[in-house]
Amino acid sequence: MFKKILVPVDGSPTSLQAVSRAVALAKAFDGTVTAIYVIDPYPFTGVGTDFAYGQDQYLAAATAEAHDAIRVAREAIEASGVVVDTRVVEAHAVWRGILDAARDLEADVIVMGSHGRHGIEKLLGSVAQRVLSHAHGPVMVVRD
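All figures in this text were calculated on a predicted structure; none of them were measured in a lab. (Residues numbered from 1 in each chain as written. Predicted model: local features only at pLDDT ≥ 70, side-chain atom pairs only at ≥ 80, totals over all residues. Heavy atoms only, no water.)

Concerning the environment of W95
By the secondary structure assignment, W95 is in helix α3 (residues 94-105). Between the alpha carbons of W95 and V38 there is a distance of 8.4 Å; along the sequence they are 57 residues apart. (Helix = DSSP H or I, 4+ residues; strand = E, 2+ residues; numbered from the N terminus.)

So this is what it looks like as structure tokens:
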């Protein structure tokens, strides 16, 4: 039933709980897990010019954060014996990046944490809520 499982990660404890649930599903259905981290390359659109990072500094920091989060997820999934693929993707909105990845991977289910990001993402609305509102397939939301 759930052979291709997509789990978006952001390094938060809740996203790591989602990784654990994705692993459990993969084991139950002999499936695989793809962990993704979505970077918004233009997070300051509409915010104005007063922000702490310049574009290059932001992208460098976001990419480093993404690779750390993906490494942790990969290690956890590999340790469980489940086949894993990882990707860092860019999308103007994180929720769109998740849904685009689900479509491209033909994922059977998205397993994600209920929250994790803070700051500007929180101001713009819940990523999980938007994924739930726009998904065309099953979404499992993990709460801490």
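A short note on the pattern of salt bridges
Per the counting criterion, the structure on display carries six salt bridges. With a shortest N-O distance of 3.3 Å, D100 and R103 are connected by a salt bridge. Of this pair, D100 and R103 both sit in helix α3, separated by three residues, roughly a single helical turn. Here R103 ties to D104 by a salt bridge, and the two come within 3.0 Å at their closest N and O atoms. Several salt bridges converge on common partners, so that one network encompasses D100, R103 and D104. (Salt bridge = Lys/Arg side-chain N within 4 Å of Asp/Glu carboxyl O.)

Notes on the packing of helix α1 (residues 13-29) against helix α2 (residues 55-79)
One can describe the packing of α1 onto α2 by two numbers: an axis separation of 10 Å at closest approach and a directional angle of 30°. Judged by the inter-axis angle, α1 sits roughly parallel to α2. Like other packed secondary-structure pairs, α1 and α2 cross with a definite hand, here right-handed. Residue-level contacts link L16, V19 and V23 of α1 to V72, A73, A76 and I77 of α2. Considering only residue class, the contact of α1 with α2 consists of seven nonpolar, no polar and no charged. (Axes fitted to C-alpha atoms, helices over the stretch in contact; angles between N-to-C directions. Parallel < 35°, antiparallel > 145°, perpendicular 65-115°, else oblique. Left-handed = near helix turned anticlockwise from the far one by under 90°. Contact = heavy atoms within 4.5 Å. Nonpolar A, V, L, I, M, F, W, Y, C, P; charged D, E, K, R; others polar.)

Observations concerning the packing of aromatic side chains
Across all of its chains, the model carries one aromatic pair by this definition. Geometrically, the ring pair formed by F2 and F29 is edge-to-face, given 5.4 Å between the ring centres and 85° between the ring planes. In this pair, F2 sits in the segment before β1 (4-8) while F29 sits in helix α1, placing the two residues 27 residues apart along the sequence. For F29, a relative accessible area of 29% corresponds to the partly exposed category. (Phe/Tyr/Trp six-rings, centres within 6.5 Å; stacked < 30°, edge-to-face > 60°. Buried < 20%, exposed > 50% of the residue type's maximum accessible area, 1.4 Å probe, protein only.)

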